[in-house]
Amino acid sequence: QVQLVESGGGLVQVGESLRLSCAASGGTFSSYTMGWFRQGPGKEREFVARITWSGGNTNYADSVKGRFTISRDNAKNTVYLQMNSLKSEDTAVYFCAASRLGVRYGYDYWGQGTQVIVSS
């Protein structure tokens, strides 16, 4: 029922910035905890960031803390990931995910991903 569509990926150089967007439809977006995950070449999927329904609580992986910012606009049913000071290690497919009941219960919906390539 719920669909998540990521956008904003692309090719950038080390030190540059990108903003990813995830548009949700078919559900009550404002009640979901939203998360970003990524999967690099030959690597397992890893957690990047999450934000609660209110937008007041966020959490980041240590590898991106201080560089990435997650935010949401419930009126637009959209969550964002602002990615600054990008490193080559950030190269990955980035996925948006939604949790209906909170992350302790898992993520229920996933997008198809958007590619981010950071070159040196």
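Values in this document were obtained by computation on a predicted structure and should not be read as measured data. (Residues numbered from 1 in each chain as written. Predicted model: local features only at pLDDT ≥ 70, side-chain atom pairs only at ≥ 80, totals over all residues. Heavy atoms only, no water.)

S.K.: A description of the pattern of salt bridges should follow, citing residues and the corresponding values.
M.R.: Where side chains of opposite charge bring their charged atoms close, a pairing between them can arise. Under the counting rule described, the total for this entry stands at 5 salt bridges. Here arginine 38 makes a salt bridge to aspartate 90, at a shortest N to O gap of 2.9 Å. Taken together, the residues span a long stretch of sequence, with arginine 38 in strand S4 (residues 33–39) and aspartate 90 in the loop between strand S8 (78–83) and strand S9 (92–99) at a distance of 52 residues. This pair shows no difference in class: arginine 38 is buried, exactly as aspartate 90 is. (Salt bridge = Lys/Arg side-chain N within 4 Å of Asp/Glu carboxyl O. Helix = DSSP H or I, 4+ residues; strand = E, 2+ residues; numbered from the N terminus. Buried < 20%, exposed > 50% of the residue type's maximum accessible area, 1.4 Å probe, protein only.)

S.K.: Before we move on, could you go through the environment of threonine 91 and cite the residues and values that matter?
M.R.: By secondary structure assignment, the location of threonine 91 is in the loop between S8 and S9. Residue threonine 91 is classed as buried on the basis of its relative accessible area, which comes to 17%. Residues threonine 91 and leucine 11, 80 residues apart in the sequence, show an inter-C-alpha distance of 9.2 Å. If sequence neighbours within four positions are ignored, threonine 91 has contacts with Gly40, Pro41, Gln115, Val116, Ile117 and Val118. Looking at threonine 91, its side chain comes within polar contact range of the main-chain oxygen of serine 88, at 3.0 Å. Within the structure, threonine 91 has its side chain in polar contact with the backbone nitrogen of valine 118 (distance 2.9 Å). (Contact = heavy atoms within 4.5 Å. Polar contact = N/O pair within 3.5 Å; in protein donor to acceptor, adjacent residues only side chain to side chain.)

S.K.: Break down the state of the cysteines for me, with residues and values.
M.R.: Scanning the model with the defined rule gives 1 disulfide in all. Note that cysteine 22 is cross-linked by a disulfide to cysteine 96, the S-S spacing being 2.1 Å. Here the disulfide of cysteine 22 and cysteine 96 is left-handed, its torsion about the S-S bond being about -80°. Note that cysteine 22 is positioned in strand S3 (residues 18–25) and cysteine 96 in strand S9, a separation of 74 residues in sequence. By relative accessible area, which is 0% here, cysteine 22 ends up buried. (Disulfide = S-S within 2.5 Å.)

Everything listed here is a matter of geometry and, on its own, says nothing about what the molecule does.
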